[in-house]
Amino acid sequence: MTSTDRNDRPRLAVWKFASCDGCQLTLLDCEDELLPLASTLDIAYFLEASSAVGPGPYDLSLVEGSITTPQDAEHIRHVRRVSRRLVTIGACATAGGIQALRDFADVREFASVVYARPEYIATLERSTPISAHVPVDFELRGCPIDKRQLIEVITAFLAGRRPVVPGHSVCVECKIRGNICVLVAHGTPCLGPVTQAGCGALCPAFNRGCYGCFGPTETPNTPALNTKLRRLGVSDPDLVRVYRTFNATEEPFRQASEEAEGDA
Amino acid sequence: MDVVVLESLDPLIEELRSAGYTVVGPTVQDRAVRMAEISSAADLPAGVGDVQDPGSYRLTSGADGMLFGYAASPDSAKRFTQPPRQTLVRMRDGAFEEVDEGAPRVALLGVRACDLAAIAVQDRVFAGSRHPDPAYRRRREALFLIAVNCAVPGGTCFCVSMGTGPKATAGFDLAVTELDAPHRFLVETGSERGGEIVARVPHRRAASEDVHAADEVSRMAAVRMGRQVDTDGIQHWLPAAHDSPRWTDVASRCLSCTNCTMVCPTCFCSTVEDVTDLTGQVTERSERWDSCFTLDFSEVSGTHARGSGLARYRQWLTHKFATWYDQFGTSGCVGCGRCITWCPTGIDVTEELACIR
C-alpha cells in the first residue's frame, strides 16, 4: 500500500432508501476486508456505521433501498448529483424489493387497513428501483447482497475495471461447488435455473431449492421451468408466490407469476 | 498376471492408500451416488441402485450386497482432470508469480467405460494439441484409474451407440467386474503401475468361469441400454440441419441453465477471470468452468454471437455430435447420458437427434 494521504483516498458514501439495512450490514460484515477497505477508501458518509458525516461530492455511492415516497424520489436526485459513480446494492435498490409487492395491489387500501389516519401516509403507488429515477453505473443483485461480490465491485471500481459479476444461472455455482441438483435428484422446486448466480448456491448446498434472491438470469426461460415445476406438483397459486418475493417486479419474474396467476 | 480375482476390495483400497493415493469412490450423499474420499469398501454404496430418466434421478434399492449396481453418477472424472476453478497466474507488486495448484495423487475407483472414453477425449483436447496444458498433464499422471464395468446401465445410457462401452477396454490402470454368487471381483490390469498394486494384494488367478461370468455381465449390460443414437453420417446431416424447425421446439424447453455442459464429462469450456485485491497490489488470473449456454461465453466486442437460446442449443448439440470430429477426430459424446438425466426439463439428446434427422 502506498503512503496515500487520507484526503487522496476515494470517498465512499452509503445511502439508504426503503430497505431493511441488510445490504449495508453486509458491508460492515466484511470482517477481514474491512480494515483494508477503510484504509483504501475514505468512508465519508455511512450513517449505519458512523454519525460523522463528511461532505460530498463522493467518488463512489452505494445505494440501498427502493424509492417509495415523494421525498425519496427527490433525495435520490441529490445522491446522484453528489456521486461520481453510483452503484445500487441489493434487490430493493435494483428491483424494488419485497415492498414492490404493493405493485400488485392497491396501496391506499393497505394504508386504510393498517393506519388509523391513512391521510398522514405519503407513499407512492409503486416501489421502484433506483434506475427508474436516475442513471445507475452498476446494479449489484441479491437479498441480501453477497459479501464477496460487494468487495469485488468495490475493488473493480478502485482499479477502474469491469467487476466480475456473471449473469449466468445459479446452476453454474451449484456445479462448481459440487452440490447435487435438488430439482433433479430430490424433486425439490428450485428457481436456480432462472436465477442469477452470486450467492455461491447457498440454499442448494443445504438441500433447499433456490428462492430467487438474486433475480432473473441474463436469459431466463421461466415458461420452461414452470412446466417442470408443475410436473413436480407445484400448484399455480404456489407458482405465483414463488416468483413474488424479493424480485417480484423484475420483468421475467413478473411475467412468470402473472402467467401462473392467469391459470390459477 | 493379467486377470485375477479379489475376494474383497479392502486390501486394494488399503494398498492404494499406503501407496500415497487418496482413494475416491462412489458413496451415497444427499440421496445420490457421489464421488468422495473413501477409506474402505464399507464406504461404498452396498445394495444401492438408481433410476435415471430425463430430468430425474432417484436412488433405489439394488441387488443385495452389490457395490456397483447403479449407472453413471452425477460426478464424472472431470472434476479431477479439469478442476472447476484454478488460479493460473498471480502478479504481486508488478512481478509475476508462478502458481502451482499441485496435482493430487488420487485413485478414482468406479470410473465407467464412458468416463474413460471421456478422459481420452479430454486428453486429446488438453494434451494432444500443439499446445499441451502442462497442469492438465500433471493432474492426469497423478490420477490412478480403477474402472468398474457396468452391470446395470441407466435409463439414459447409450454408450453402445457411441462405441464407448459398457466394457472398459483401454485407458485404465485396473478394471474391475463385480461378480456375485459368490461375491468377488475380476480385475484386469491395464498399466504397469496397476499391475504393481495388484501384485501386492491377496488375489488368485482368474478361472475360466470367472472370465465367462464377467463377459456375461458386460454382454447383458450392452443389451440393456436405456437409449440409442443412430450416428451414421451424423457429421454431415447434423450440421446440414441448421434450419430444422426442431431447434425452435427444443429452445422452448431449454433453460440455458448450463447443467448439461457442467455434468458432461467432455465439455471443457472455461472462462478466464482477472481480479485485483483492495490494495491494487495483487492481481490474479483464474480459470473456471463456463458453458456455451451462458451469454458472456459468446460475447465479442460487446455483442453476443449466440444471443438466442436456439443458437446456443444448436451450437452445443452440433459441436458435441458432429463438428467435434472436424476439430478433434472423434465424437464429443461418449453416451453417458448425464446431460439427459441432469437437464432439469428433461431434454433428451437422443430424442432431439432422432427428430432433427
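Not measured: the values here are computed from a predicted model.

(A) Region of interest: the overall build of chain A. Secondary structure assignment for chain A yields 12 helices and 5 strands. Since a compact globule built from 264 residues should have a radius of gyration of about 18 Å, the 20 Å found for chain A is in line with a globular shape. In terms of principal-axis extent, the alpha carbons of chain A reach across some 60 × 55 × 25 Å. Split into buried and exposed, the 264 residues of chain A put 54% on the buried side. A sequence separation of at least 24 residues applies to 73% of the contacts in chain A between residues at least 6 apart. Counting only carbon and sulfur atoms, one obtains 54% of the accessible surface of chain A, whose full area is about 11,600 Å².

(B) Layout of the domain arrangement of chain B. Residue and element names in this part refer to chain B. When its domains are assigned, chain B resolves into domain 1 (3-222) and domain 2 (234-356). Computed over C-alpha atoms only, the centres of domain 1 and domain 2 are separated by 25 Å. Taken together, the contacts link 40 residues of domain 1 with 41 residues of domain 2. Carbon and sulfur atoms supply 58% of the area that domain 1 and domain 2 bury against each other, a total of about 3,400 Å² over both sides. Together, Lys-78, Phe-158 and Met-162 form the three largest contributors to the area buried by domain 1 at its contact with domain 2, with a combined 17%. Two residues, Arg-85 and Glu-273, come together in a salt bridge whose shortest N-O distance is 3.9 Å. Breaking the side of domain 1 that touches domain 2 down by element, the ones donating at least two residues are strand S4 (48-53), strand S5 (56-61), helix H2 (78-81), strand S6 (85-92), helix H3 (113-127) and helix H5 (159-162). Per-element accounting of the side of domain 1 that touches domain 2 gives the leading share, 9 residues, to H3. Across the side of domain 1 that touches domain 2, the residue classes break down as 19 nonpolar, 11 polar and 10 charged.

(C) Expanded view of helix H7 (residues 170-177) of chain A. Here H7(A) lies mainly inside the structure; 7 of its 8 residues are buried. A:Val170, A:Cys171, A:Val172, A:Glu173, A:Cys174, A:Lys175 and A:Ile176 are the residues of H7(A) that are buried. Buried positions along H7(A) lie against helix H9 (202-205) of chain A together with H2, S6, helix H10 (259-263) and strand S14 (282-289) of chain B. If you check the start of H7(A), you find a side-chain oxygen 3.2 Å away from the backbone N of A:Cys171, and it comes from A:Ser169. Backbone geometry just after H7(A) places A:Gly178 at a positive phi near 90 degrees.

(D) The domain arrangement of chain A, seen in detail. Residue and element names in this part refer to chain A. Annotation of chain A at the domain level lists domain 1 (6-159) and domain 2 (170-263). Distance from the C-alpha centre of domain 1 to the C-alpha centre of domain 2: 26 Å. Each partner contributes residues to the interface: domain 1 has 17 residues there, and domain 2 has 19 residues. Across the domain 1 to domain 2 interface the summed buried area is about 1,400 Å²; carbon plus sulfur atoms make up 54%. Three residues, Phe-104, Arg-141 and Cys-143, lead the burial of domain 1 against domain 2; their summed loss comes to 44% of the area buried on that side. Between the two partners, domain 1 and domain 2, sit 0 salt bridges. At the junction of domain 1 and domain 2, the tally comes to 5 residue pairs in polar contact (both at pLDDT 80 or more). Within the residue set of the side of domain 1 that touches domain 2, elements represented by two or more residues are helix H4 (91-95) and helix H6 (147-159). Split by residue class, the side of domain 1 that touches domain 2 holds 9 nonpolar, 3 polar and 5 charged.

(E) Just the interface of chain B and chain A, in detail. Contacts between the two partners involve 42 residues from chain B and, on the opposite side, 41 residues from chain A. Interface of chain B and chain A: buried area, both sides summed, is about 3,300 Å²; carbon and sulfur atoms make up 57% of it. Where chain B packs against chain A, one counts 20 residue pairs in polar contact (both at pLDDT 80 or more). Elements that contribute at least two residues to the side of chain B that touches chain A include exactly strand S3 (32-37), S5, helix H9 (246-253), H10, strand S13 (270-276) and S14 of chain B. Here the side of chain B that touches chain A takes 4 residues from S13(B), the largest share from any one element. Across the side of chain B that touches chain A, the residue classes break down as 17 nonpolar, 11 polar and 14 charged.

(F) Looking closely at the pattern of salt bridges. Residue and element names in this part refer to chain B. Going through the model one piece at a time under the given rule, you end up with 43 salt bridges over all chains. Note that Arg-200 and Glu-15 form a salt bridge whose closest N and O atoms lie 2.6 Å from each other. With a gap of 185 residues between them, Arg-200 in the loop between helix H6 (192-199) and strand S12 (204-205) and Glu-15 in helix H1 (residues 10-18) connect regions that are remote in the sequence. Arg-200 gets classed as partly exposed once you look at its relative accessible area, which sits at 48%. The buried category is assigned to Glu-15, whose relative accessible area is 17%. Through salt bridges that share partners, Arg-246, Asp-249, Arg-253, Glu-351 and Glu-352 make up one connected network.

(G) Layout of the nonpolar core. Counting 58 residues, the largest nonpolar core has B:Leu9, B:Leu16 and B:Phe68 as the members making the most contacts within it. For this core, the leading source of residues is helix H8 (residues 182-185) of chain A, giving 4 residues. Apart from the residues within four sequence positions on either side, B:Phe68 is in contact with B:Leu9, B:Pro26, B:Leu44, B:Leu109, B:Gly110, B:Arg112, B:Val148, B:Glu178 and B:Phe185. Core analysis: the second largest hydrophobic core is formed by 28 residues, B:Cys260, B:Cys264, B:Ala322 and B:Cys333 among them.

Conventions adopted
- Sequence positions are assigned chain by chain, starting from 1 and proceeding in written order.
- Numbering of ligands from 1 and lettering of chains from A proceed in the order in which they are written.
- The model is predicted, so local features are restricted to residues of pLDDT at least 70 and side-chain atom pairs to those at 80 or more, both for listing and for counting; the totals for chains, interfaces and linings are taken over all residues.
- Working from all heavy atoms in the structure, the side-chain values ignore hydrogens and water.
- In this description a helix means any DSSP run of H or I spanning at least four residues, a strand means any run of E spanning at least two, and both kinds are numbered starting from the N terminus.
- With C-alpha atoms as the basis for the radius of gyration, the globule rule is written as 2.2 Å multiplied by the number of residues raised to the power 0.38.
- The classification of residues rests on relative accessible area computed with a 1.4 Å probe and restricted to protein chains. Under 20% of the type maximum is buried, over 50% is exposed, and intermediate values are partly exposed.
- Here, two residues are considered to be in contact whenever any of their heavy atoms come within 4.5 Å of each other.
- With residues, only the protein chains shown are counted as cover, and all accessible areas are computed by Shrake-Rupley using a 1.4 Å probe.
- Here the limits of each domain have been adopted from an automatic or database domain assignment.
- The term buried area means the drop in 1.4 Å probe accessible area that two parts suffer when joined, counted for both and summed.
- We define a salt bridge as a side-chain nitrogen of Lys or Arg found within 4 Å of a carboxyl oxygen belonging to Asp or Glu.
- Any residue outside Ala, Val, Leu, Ile, Met, Phe, Trp, Tyr, Cys, Pro, Asp, Glu, Lys and Arg is labelled polar, Gly included; the first ten of those are nonpolar and the last four are charged.
- A 3.5 Å cut-off defines polar contacts: any pair of N or O atoms within that distance qualifies, except that in protein one atom must be a possible hydrogen donor and the other a possible acceptor, and neighbouring residues in sequence count only when both atoms are side-chain atoms.
- Only buried Ala, Val, Leu, Ile, Met, Phe, Trp, Tyr and Cys residues count toward a nonpolar core, and they belong to the same one when joined by side-chain atoms within 4.5 Å.

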